[in-house]
Amino acid sequence: MSYVDEMIEAVVAKNPSEPEFHQAVKEVLNSLRPVVDANEEKFRREALLERLVEPERQIKFRVPWVDDKGQVQVNTGYRVQFNSAIGPYKGGLRLHPSVNLGIIKFLGFEQIFKNSLTGLPIGGGKGGSDFDPKGKSDREVMAFCQSFMTELCKYIGADTDVPAGDIGTGAREIGYMYGQYKRLTGLYEGVLTGKGLSYGGSLARTEATGYGLLYFTKEMLNMNGIDIAGRTAAVSGSGNVAIYAIQKAEQLGVKVLTCSDSNGWVYDPDGIDVAALKEIKEVKRARLTEYKNYRPNSEYHEGRGVWTVKVDLALPCATQNELHLEDAKALAANGCIAVAEGANMPTTLEATEYLQEQGILFAPGKASNAGGVATSALEMSQNSERLSWTFEEVDKKLQDIMVNICHNAADAAKRYGFDKNYVVGANIAGFEKVVDAMLAQGVV
Ligand code: NDP
Ligand code: 2IT
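So, here is what we can say about the structure in this document. (Residues numbered from 1 in each chain as written. Chains lettered and ligands numbered in written order. Predicted model: local features only at pLDDT ≥ 70, side-chain atom pairs only at ≥ 80, totals over all residues. Heavy atoms only, no water.)

With respect to unusual backbone geometry
In step 1: One non-glycine residue, S17, adopts positive backbone phi at about 65°.
In step 2: Topologically, S17 is positioned in the loop between α1 (3-14) and α2 (19-31).
In step 3: S17 sits in the exposed class, given a relative accessible area of 69%.
In step 4: The phi angle at R285 is positive, at roughly 50°, despite the residue not being glycine.
In step 5: Examined against the element boundaries, R285 turns out to sit in the loop between α11 (274-283) and α12 (291-294). (Helix = DSSP H or I, 4+ residues; strand = E, 2+ residues; numbered from the N terminus. Buried < 20%, exposed > 50% of the residue type's maximum accessible area, 1.4 Å probe, protein only.)

In structure tokens, the structure reads:
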């Protein structure tokens, strides 16, 4: 049996009940076959793949806090420090009731290659908790964040592990966590990114993932002789990534017809109104049912459905496994030309394969959503030099990084005979740097 197949079997056997982690490992290892096969003897002797799929450290902890009724609540906190070969662990904190170790491991594993692709010195990590910020008062969110950080602070630091936002963790949560870290350690340092502008945050970090997704998509289309202007798009989600993806898409002349949350979705034939969406989601923290009050021409539908709309571009920006095989078929039947992932692993393996077979350009999240973590690394640089750069400076660096990632992925794919396969290209390009660093650093 090939080394890759052996490793996939071993990961499934050794980590039962972690289907998302299995999925991420399968996707990455399958596309690394040409590199692994060419170096099989050496990689086996070094147990390179065994080391790659085993996190350096997994931390799991109790998070007790008191709700507004005086009741003690208990959540579980996680930080998976997956790989530090090329830099301090870096990756977000997800706060969502679905969070478990397998989900954090899938996200941490993806983060290794994504962070490598940015070209910046950051290793891979991820964390979070099954706490649900939705419907909680600010005081409850603060109580949770302070308790979470009271334990997490033992394991992180500006040069060891630098968490950031993800689903359910935005500016409010980062602020509370930063305050508690500073209080406990006495350190005013860049231990978190996505901070507010008044205490060390970077301009353009809020926008970075969504903007970066569009910079990548524009470049991928350009490389294939297609102009992004004048296209239509379907976006899923209505959180940080979705909002700024929609904003940049519209700035580039794309009409975005949909967005969604976990209850339902909106179809706006005139193009999503970003100002309305920002007010509903960022200010009121309300549901998408409200959108109709701002845009009477729009429709609200319960359940899933964004991928049934006829569009040129599909941009999944909500969560993992939200674009299934039947969605891929609907998109293809409607003439979709490209799918670019804003979320982490939003497309199932079967859907990805189908889209690629249909000749639809497919950008994997680890490449196309890397603008968020790349700008986090730029925030770390600014914190280290105790300076802050202008919006334009950060945005320019972000554009350059996304264009580079696109070309590096395309070049790696071509080098191994998989022209236009950005999944293979991104995985190989991300892997090469990490492997080089791991081999150079010996058996650690
Ligand atoms: P937010 O919490 O800001 O928004 C998440 C959005 O996705 C909401 O609209 C939410 O709906 C929806 N959603 C979440 N979980 C589910 C679910 N299980 N089913 C259906 N809809 C769901 O998160 P972000 O925008 O930050 O993150 C979105 C995705 O992008 C995630 O996959 C994240 O890992 C990824 N990502 C984020 C980066 C960042 O910088 N923030 C960087 C790179 C990737 P509702 O409000 O109803 O829960
Ligand atoms: O998935 C991701 O890349 C993020 N949630 C952002 C991580 C970061 O450190 O900015």
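Concerning the layout of surface pockets
In step 1: The space that makes up the second largest pocket amounts to roughly 490 Å³.
In step 2: What lines the second largest pocket is a set of 26 residues, among which G190, M380, Q382, N383 and S384 lie closest to the centre.
In step 3: Within the lining of the second largest pocket, the residues separate by chemical class into 13 nonpolar, nine polar and four charged. (1 Å grid on protein atoms, 1.4 Å probe; cavity = no way out; pocket = protein on both sides within 12 Å on 5 of 7 lines; lining within 4 Å. Points joined across faces, edges and corners; volume = space filled by probe spheres on them. Nonpolar A, V, L, I, M, F, W, Y, C, P; charged D, E, K, R; others polar.)

Structural notes on the sheet that holds strand β1 (residues 57-66)
In step 1: The strand order across the open sheet formed by five strands is β1-β2-β4-β3-β5, and the pairing between neighbours is mixed. Because the sheet does not close on itself, it has two edges, and the strands there are β1 and β5 (161-164). Sheet twist, expressed as the average angle between the axes of neighbouring strands with direction ignored, equals 20°.
In step 2: Most of the contacts of helix α6 (residues 101-117) go to strand β4 (residues 123-129), to which it runs at about 150°, and overall it touches β1, β2 (72-83), β3 (89-95) and β4. (Pairing = 2+ DSSP bridges. Axes fitted to C-alpha atoms, helices over the stretch in contact; angles between N-to-C directions. Contact = heavy atoms within 4.5 Å.)

Focus on the nonpolar core
In step 1: Counting residues in each nonpolar core, the largest one holds 102 residues, and the members touching the most others are L49, F109 and F431.
In step 2: Looking at this core element by element, the count peaks at 10 residues for helix α18 (residues 422-440).
In step 3: Setting aside its immediate chain neighbours within four residues, F431 contacts L32, V35, F43, L48, L49, L52 and F113.
In step 4: Counting residues in each nonpolar core, the second largest holds 23 residues, with F131, F144, I156 and I174 among its members. (Core = buried A, V, L, I, M, F, W, Y, C linked by side-chain atoms within 4.5 Å.)

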